[in-house]
Amino acid sequence: MNIKIINFQQHGDERGMLVALEEAKEIPFNIRRVYYIYGTAPNVRRGYHAHKKLEQILICISGSCTIYLDDGNITKEIILQEPYEGLYISNGIWREMYDFSENAVLLVLASELYDESDYIRDYQEYIAYSRQNNYMEKEK
Ligand code: TYD
């Protein structure tokens, strides 16, 4: 599964902490869009999609949340609870986000502008898409 946790460098001193993120350095792609999820109602589970092309880094800059990942083959659950920790998710991975703490702010850095045609929002369609892609990878 093409995901990884990135531990960002923390610039801390007696005043507190600071993390700086630059495209093509800490972030392995050019950042074309930033969005954040906050004020999540209790027991909400959201996401339920994969992207054909887009790559992302998720950072829970306040509070905590859990990310469920599925590449059509393996599934994983990652808890994000540190503001210096980024979860890189490549294209082609199904994700769901849940267990948001009351104060959670989930910051997302994305490699593409918003484009609904890049989304796969139907799980069966996703499985068919990922099988087709894995098959094509093997044939290369
Ligand atoms: P949605 O895709 O449902 O969020 P999730 O990632 O949890 O599945 O997005 C919620 C709404 O926000 C939807 O109407 C689309 C809109 N939206 C944008 O306009 N731009 C964006 O960059 C994103 C991520 C969503």
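None of the values given here were measured: they were computed from a predicted structure. (Residues numbered from 1 in each chain as written. Predicted model: local features only at pLDDT ≥ 70, side-chain atom pairs only at ≥ 80, totals over all residues. Heavy atoms only, no water.)

Here we come to a nonpolar patch on the surface. Together, Val34, Tyr36 and Tyr38 make up a nonpolar patch on the protein surface, roughly 370 Å² of accessible area in all. Looking at where valine 34 falls in the secondary structure, it is placed in strand E2 (residues 33-38). Of the residues examined, valine 34 reaches a relative accessible area of 47% and is grouped as partly exposed. (Patch = residues over 30% accessible without salt bridge, like charges linked within 9 Å, V, L, I, M, F, W, Y side chains within 5 Å. Areas by Shrake-Rupley, 256 points an atom, 1.4 Å probe, with all protein chains shown as cover. Salt bridge = Lys/Arg side-chain N within 4 Å of Asp/Glu carboxyl O. Helix = DSSP H or I, 4+ residues; strand = E, 2+ residues; numbered from the N terminus. Buried < 20%, exposed > 50% of the residue type's maximum accessible area, 1.4 Å probe, protein only.)

Let us now look at the environment of tyrosine 98. With respect to the helices, strands and loops of the structure, tyrosine 98 is situated in strand E8 (residues 94-98). For tyrosine 98, a relative accessible area of 12% gives the class buried. The spatial distance from the C-alpha of tyrosine 98 to the C-alpha of lysine 76 is 13 Å, given a sequence separation of 22 residues. Leaving out residues up to four positions away in the same chain, tyrosine 98 has contacts with Val44, Arg45, Cys65, Thr66, Tyr68 and Glu77. (Contact = heavy atoms within 4.5 Å.)

A complete count under the given rule lists six aromatic pairs for this structure. Where tyrosine 114 meets tyrosine 119, the ring centres are 5.8 Å apart and the plane angle is 65°; that geometry is what we call edge-to-face. For tyrosine 119, a relative accessible area of 11% translates into the label buried. Residue placement shows lysine 4 over the ring face of tyrosine 88; its charged tip is 5.8 Å from the ring centre. The ring of tyrosine 98 has arginine 45 sitting right over it, with the charged end atom 4.0 Å from the ring centre. (Phe/Tyr/Trp six-rings, centres within 6.5 Å; stacked < 30°, edge-to-face > 60°. Lys NZ or Arg CZ within 6 Å of the ring centre and 35° of its normal.)

What follows concerns the site of the ligand. Taken together, Arg33, Tyr35, Arg46, Gly47, His49, Tyr114, Tyr119 and Arg121 are the residues near the ligand. The contact in question runs from an oxygen atom of the ligand to an N or O atom on the side chain of arginine 46, over 2.6 Å. In this structure, glycine 47 approaches the ligand through a main-chain N or O atom, which is 3.2 Å from an oxygen atom. When the free accessible area of the ligand is taken as 520 Å², the share hidden by the protein chains comes to 59%. At the level of elements, E2 and strand E3 (46-51) are the ones that each hand at least two residues to the shell around the ligand. Considering only residue class, the shell around the ligand consists of three nonpolar, two polar and three charged. (Near = heavy atom within 4 Å. Polar contact = N/O pair within 3.5 Å; in protein donor to acceptor, adjacent residues only side chain to side chain. Nonpolar A, V, L, I, M, F, W, Y, C, P; charged D, E, K, R; others polar.)

Another aspect to go through is the nonpolar core. Soluble globular proteins: nonpolar side chains tend toward being buried together. In terms of nonpolar packing, the biggest core is built from 17 residues, with Leu58, Ile67, Leu69, Leu80, Leu87 and Leu106 touching the most fellow members. Listed by contribution, the elements that provide at least two residues to this core are strand E4 (56-62), strand E5 (65-70), strand E6 (75-80), strand E7 (85-89) and strand E9 (105-110). With three residues, E5 is the largest single contributor of residues to this core. If we ignore the near neighbours within four places in the chain, the residues touching leucine 80 are Ile5, Leu58, Cys60, Gly63, Ser64, Cys65, Ile67, Glu85, Leu87 and Leu106. Counting residues in each nonpolar core, the second largest holds nine residues, with Phe8, Ile27, Phe29 and Leu107 among its members. (Core = buried A, V, L, I, M, F, W, Y, C linked by side-chain atoms within 4.5 Å.)

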